[in-house]
Amino acid sequence: MFCTLVCCMDGRFIHILNEYIRNNYRYTFVDTITDAGAVNKIVSDENFLRSIEDKVVLISVNKHKSDHIFVAGHSDCAGCQTSDETQKKYICQAAQKMHTDLPHEAVTGLFVYENGEIEVLVDYDIDN
Ligand SMILES: [Zn+2]
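A short tour of the structure in this document, coming up. If you're wondering where the values come from, they're calculated on a predicted model, not measured in any experiment. (Residues numbered from 1 in each chain as written. Predicted model: local features only at pLDDT ≥ 70, side-chain atom pairs only at ≥ 80, totals over all residues.)

1. Things to note about the overall build of the chain
And then number 1: Helix and strand content of the chain: four helices and five strands.
And then number 2: Ordered by position from N to C terminus, the α and β elements of the chain give β-α-β-α-α-β-α-β-β.
And then number 3: What you see for the chain is a C-alpha radius of gyration of 13 Å, in line with the 14 Å of a compact globule of 128 residues.
And then number 4: Counting only C-alpha atoms, the chain reaches 35 × 30 × 20 Å along its principal axes.
And then number 5: When the 128 residues of the chain are sorted by exposure, 37% land in the buried category.
And then number 6: Within the chain, contacts between residues separated by at least 24 positions form 67% of all contacts whose residues are at least 6 apart in sequence. (Helix = DSSP H or I, 4+ residues; strand = E, 2+ residues; numbered from the N terminus. Rg over C-alpha atoms; globule rule 2.2 N^0.38 Å. Buried ≥ 20, exposed ≤ 12 C-beta atoms within 10 Å, placed from the backbone. Contact = placed C-beta atoms within 7 Å.)

2. Here's the deal with unusual backbone geometry
And then number 1: Although it is not a glycine, Lys65 adopts a positive phi angle of roughly 60°.
And then number 2: Tracing the backbone through its elements, the reader meets Lys65 in the loop between α3 (46-61) and β3 (68-74).
And then number 3: Classification of Lys65 by C-beta neighbours within 10 Å gives exposed; the count is 10.
And then number 4: In this model, Asp76 sits at a positive phi of 55°, which is unusual for a non-glycine residue.
And then number 5: Secondary-structure assignment places Asp76 in the loop between β3 and α4 (84-101).

3. Brief notes about α4
And then number 1: Counted at 1.5 Å a residue, the expected span for α4 with its 18 residues is 26 Å, and the 26 Å between its end C-alpha atoms agrees.
And then number 2: Within α4, burial applies to Gln87, Tyr90, Ile91, Ala94, Ala95, Met98 and His99. The arc enclosing the buried residues of α4, seen along the axis, measures out at 165°, which places them on a common side. Within α4, the exposed residues directed more than 90 degrees away from the buried face are Glu85 and Thr100.
And then number 3: Its buried side turned inward, α4 meets α2 (38-44), α3, β3, β4 (106-112) and β5 (118-124). (Expected span 1.5 Å × (residues − 1). Arc of directions from axis to C-beta.)

4. A closer look at the sheet that holds β4
And then number 1: Strand order in the open sheet formed by five strands is β2-β1-β3-β4-β5, and the pairing between neighbours is mixed. Each edge of the sheet is formed by a strand with only one pairing partner; in this case those strands are β2 (29-35) and β5. If you compare each strand with its neighbour and ignore which way they point, the axes differ by 20° on average.
And then number 2: For strand β1 (residues 2-8) and β3, the ladder comprises three bridges, and the chain directions are parallel. Each bridged residue has a counterpart across the sheet, and for Val6 the counterpart in β3 is Val71. (Pairing = 2+ DSSP bridges. Axes fitted to C-alpha atoms, helices over the stretch in contact; angles between N-to-C directions.)

5. A look at the pairing of β2
And then number 1: Pairing of β1 with β2, which is carried by seven bridges, proceeds in the parallel orientation. Note on β2: the bridge partner recorded for Cys7 is Thr34.
And then number 2: Read as a crossover between parallel neighbours, the route from β1 over helix α1 (residues 14-24) to β2 is right-handed. (Right-handed = clockwise from strand over helix to strand, strands pointing away.)

6. Some words on the nonpolar core
And then number 1: The biggest cluster of nonpolar side chains holds 32 residues, and the ones touching the most others in it are Leu17, Val71 and Ala72.
And then number 2: Counting residues per element, the ones that place at least two in this core are β1, α1, α2, α3, β3, α4 and β4.
And then number 3: Not counting residues up to four positions away in its chain, the partners in contact with Val71 are Val6, Val39, Ile91, Ala94, Ala95, Met98, Val107 and Gly109. (Core = buried A, V, L, I, M, F, W, Y, C linked by C-beta atoms within 7 Å.)

The following block contains the structure:
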């Protein structure tokens, strides 16, 4: 019923991501953890990654039984001023890190273009 979204705080994209996830996956509720350019911080700062994972595990996984984490970034990000290609690379790295640390969660990396189009970059299944 619950899944977890880790994404940028940018208000242009949060509702797009939320809608996309509810429409394309079987979840009703999307727990959302935001920060400016979140994927950039996950990749470059282990303390930030740990703080995100603590929130994911304490609330989404333990209390809400979330079994799927979505990690998302977007075009024209003020918190991660780089090309779309570099951002996509960060999203893939962030998804991989989170899947390594939380192997009982599926992890999907998403990228949103300015026109609202969403690209699935990477998909990790739950390791049993
Ligand atoms: Zn952003």
